[in-house]
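Okay, here's what each chain looks like letter by letter:
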Amino acid sequence: MPVILVLSALGMETALRIKAGLPGAAIYGFEGRVEGADVSFSNFGETIREHYQSGQTIIALCAAGITIRSLALILDNKGAEPPVLAVADDGSAVVPLLGGTAGVNVLARQIAQILDVAPAITTSGELRFGTCLLNPPPEFILKNPEDAKTFISDLLAGKTVRIEGDAPWLKEARLPLDDSGELLIRVTTSDAAPQEGELIFQPRKDPVINAATSEDIGAGAPKRGRLAVVGLGPGDPDFMIPVVKQEIARAEIILGYETYVRMAGPFRPDQTVHMTDNREEMQRARHAFELAATGRSVVMISSGDPGVFAMAAAVIEALHDSDDPTWHNVHLEILPGVSAALAAASHSGAPLGHDFCILSLSDNLKPWDIIEKRIALAAEADFAMAFYNPISKPRPWQLPRAIEILRQYRSPETPIVLGRDIGRPGASLRVIPLAELTPQQVDMRTVIIVGSSLTRSFDRIDGGKWVYTPRWYGTKPEV
Ligand code: SAH
């Protein structure tokens, strides 16, 4: 799934032409300069490096020099790199830069054909022998890409090659074949280590991967669906991790509560959005699997982290409960986000700088007894704490009771952080002593952080307060 990075309006026109020929590609546009992109970004260097590091194919609509300089610091492992191409923003040149063993020249030819220009192929092996050698069809993998460079140099220097096993894709390559050739291309299922002068191709073992990849190239095999349970972080898109943005960009179906779905949008017209209602979680989780099992890419959206009082656990439980093979065949991923406690903590300093625990005060899914017990024991053990779901209309007395318990174990000066709508419009953050904490200051959109006996606070120059819990415990170590 290539990512097209665009820096100018002219580049956008070219990007759209490329995308029309490469359906599934996502266009990333520079904020303020490019309109109509699928995703926008504000830092080219960071964006290209993130995609490179996550192994994504990159088509950069800008000068080759900018692209090279942005990636220079992180270029190391030749075998593992994804294809990276620079394309002139007016579409007049296509330059494959990196990812020779990952098919960059194949893609360069494909894009060049879309744009009706000649690709700037510079790899001599490719020019001499055609593109097939290092890019077998998806049913095969090259076991030792690290040996490819020497192998091809040897071929170019005049050595001949013999082929053992069936390598249909090499029929089109113009290789110097010879039954007594010094070099060997072996197609085998064995795991034997490659010898000198040998390239080994293996048929892929996982038939599921076969099915998915052949579908990707249009062979018509049934496609393997994807389900990603993603966390948006607290709200501000800058705090969303890049793989979550990519997963949302590639999704065909987006599921989630309306508020969160709005935070993750806008979406493209080809993406379907299902705002989930308040049906119970397991039912929503099963619905997601039903959709993904048909071969589609589904993203289920949670705020913060999907594993913290959110959908990830229900989704995995639904899978555990199911013996439907089409559900188990779905490519399932849980992608993390910055949870509310961590976001609020960072805004106030480092109140969770030592041991802490996170508790939900909601007794919808667990008995209140256990909540009281946990608060009391965590307070006694001197953990700092974060309370989620602290209060709601149907649960008015639980928070006052929790505060009462805290006061039995903590001094009245204990710093309390109240973070409300952190990362969202109208965000507020307050630091007060435990003595002043009342339920009226708190609602469902608030996360409460309770300090340990060592948590302290002091005035900031801007009128607020810094809060922190030191890394040490007991007495401050001598420096
Ligand atoms: N998965 C979410 C938590 C969902 S439970 C996460 O990891 O953050 C919902 C509770 O999380 C809310 O009642 C509130 O206590 C807290 N919360 C979620 N987002 C918040 C935000 N932006 N600011 C403050 N509290 C938040």
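Residues numbered from 1 in each chain as written. Predicted model: local features only at pLDDT ≥ 70, side-chain atom pairs only at ≥ 80, totals over all residues. Heavy atoms only, no water.

## Remarks on the site of the ligand
Around the ligand, 20 residues are found, and the nearest of them are D305, V308, S339, M444 and T446. Backbone polar atom of V308 to a nitrogen atom of the ligand: 2.7 Å apart, as the coordinates give it. Within the backbone of A340, one N or O atom sits 2.9 Å away from an oxygen atom of the ligand. Considered on its own, the ligand offers 540 Å² of accessible surface; in the complex 93% of this is hidden by protein. (Near = heavy atom within 4 Å. Polar contact = N/O pair within 3.5 Å; in protein donor to acceptor, adjacent residues only side chain to side chain. Areas by Shrake-Rupley, 256 points an atom, 1.4 Å probe, with all protein chains shown as cover.)

## What to know about unusual backbone geometry
Residue P266 is bonded to the preceding G265 through a cis peptide linkage, with omega at 0°. With a phi close to 45°, F309 is a non-glycine residue in the positive phi region. As for its placement among the helices and strands, F309 is situated in the loop between β14 (297-302) and α11 (311-321). (Helix = DSSP H or I, 4+ residues; strand = E, 2+ residues; numbered from the N terminus.)

## Some points on the nonpolar core
Of all hydrophobic cores here, the largest spans 40 residues; its most connected members are I4, I18, I59 and I111. With 6 residues, the single largest contributor to this core is helix α4 (residues 104-115). Other than its neighbours up to four places away in sequence, I18 contacts I4, I59, L61, V87, I111, I114 and L115. Counting 25 residues, the second-largest nonpolar core is a separate cluster that includes L359, L361, I371 and A379. (Core = buried A, V, L, I, M, F, W, Y, C linked by side-chain atoms within 4.5 Å. Buried < 20%, exposed > 50% of the residue type's maximum accessible area, 1.4 Å probe, protein only. Contact = heavy atoms within 4.5 Å.)

## Looking at the environment of V450
Residue placement: V450 occurs in strand β21 (residues 446-450). Remark: the alpha-carbon pair of V450 and F383, spanning 67 residues in sequence, is separated by 8.8 Å. If we ignore the near neighbours within four places in the chain, the residues touching V450 are A384, M385, F387, L406, P415 and I416.

## Some words on the packing of aromatic side chains
In total, this model carries 7 aromatic pairs according to the counting rule given. Ring geometry for F41 versus F44: centroids 6.4 Å apart, planes at 50°, classification tilted. In this structure, F41 and F44 share a single accessibility class: buried. A ring pair is formed by F458 and Y468, whose centres lie 6.3 Å apart and whose planes are at 75°; its orientation type is edge-to-face. Of the two residues, F458 sits in strand β22 (residues 456-459) while Y468 sits in strand β23 (residues 465-468), which places them 10 residues apart along the sequence. On the accessibility criterion, F458 (44% relative accessible area) is partly exposed. The class for Y468 is partly exposed, based on a relative accessible area of 28%. Ring-pair connections join several aromatic residues into one group, and the members of that group are F30, F41 and F44. (Phe/Tyr/Trp six-rings, centres within 6.5 Å; stacked < 30°, edge-to-face > 60°.)

## What to know about the packing of helix α2 (residues 44-53) against helix α3 (residues 64-71)
It is at 9 Å that the axes of α2 and α3 come closest, and there the two elements cross at 70°. In terms of orientation, α2 lies roughly perpendicular with respect to α3. Helix-helix and strand crossings are classified by hand; for α2 and α3 the assignment is right-handed. On α3, the residues touching F44, G45, I48, R49 and Y52 of α2 are I66, T67, S70 and L71. (Axes fitted to C-alpha atoms, helices over the stretch in contact; angles between N-to-C directions. Parallel < 35°, antiparallel > 145°, perpendicular 65-115°, else oblique. Left-handed = near helix turned anticlockwise from the far one by under 90°.)

## With respect to the domain arrangement of the chain
Taken as a whole, the chain is organised into domain 1 (3-122), domain 2 (140-203), domain 3 (214-338) and domain 4 (341-468). Taking only C-alpha atoms into account, the centre of domain 1 sits 46 Å from that of domain 4. (Domains from an automatic or database assignment.)

## Details of the sheet that holds strand β16 (residues 349-350)
Spatial strand order, β16-β23-β22: 3 strands in an open sheet with mixed pairing. The open sheet has two edge strands with one neighbour each: β16 and β22. Bridge analysis of β22 against β23 gives 4 bridges, and the strand direction is antiparallel. Within the sheet, the bridge partner assigned to D459 lies in β23 and is K465. (Pairing = 2+ DSSP bridges.)

## A look at the side chain of T469
Relative to the helices and strands, T469 is located in the segment after β23. A polar contact of 2.5 Å, which involves the side chain of T469, links it to the backbone oxygen of P351. Ignoring sequence-local partners within four residues, the contact set of T469 consists of A350, P351, L352, G353, H354, S452 and T455.

## Description of the packing of helix α10 (residues 281-292) against α11
It is at 8 Å that the axes of α10 and α11 come closest, and there the two elements cross at 70°. It follows from the interaxial angle that α10 and α11 lie roughly perpendicular. Handedness of the crossing formed by α10 with α11: right-handed. Of the residues in α11, those touching α10 at E281, M282, R284, A285, R286 and F289 are M311, A314, V315, E317, A318, L319 and D321. Along the lines of polarity and charge, the residues of the contact of α10 with α11 split into 8 nonpolar, no polar and 5 charged. (Nonpolar A, V, L, I, M, F, W, Y, C, P; charged D, E, K, R; others polar.)

## Here we look at the layout of surface pockets
Space inside the second largest pocket adds up to approximately 1600 Å³. Looking at the second largest pocket, it is lined by 45 residues, and the ones nearest its centre are Y260, F309, A310, N389 and M444. If you list the elements that add at least two residues to the lining of the second largest pocket, you get α9 (258-264), α10, β14, α11, β19 (415-420) and β21. In terms of residue count, α11 provides more of the lining of the second largest pocket than any other element does, 4 residues in total. Of the residues assigned to the lining of the second largest pocket, the class counts are 19 nonpolar, 15 polar and 11 charged. Two domains each donate at least three residues to the lining of the second largest pocket, and these are domain 3 (214-338) and domain 4 (341-468). (1 Å grid on protein atoms, 1.4 Å probe; cavity = no way out; pocket = protein on both sides within 12 Å on 5 of 7 lines; lining within 4 Å. Points joined across faces, edges and corners; volume = space filled by probe spheres on them.)

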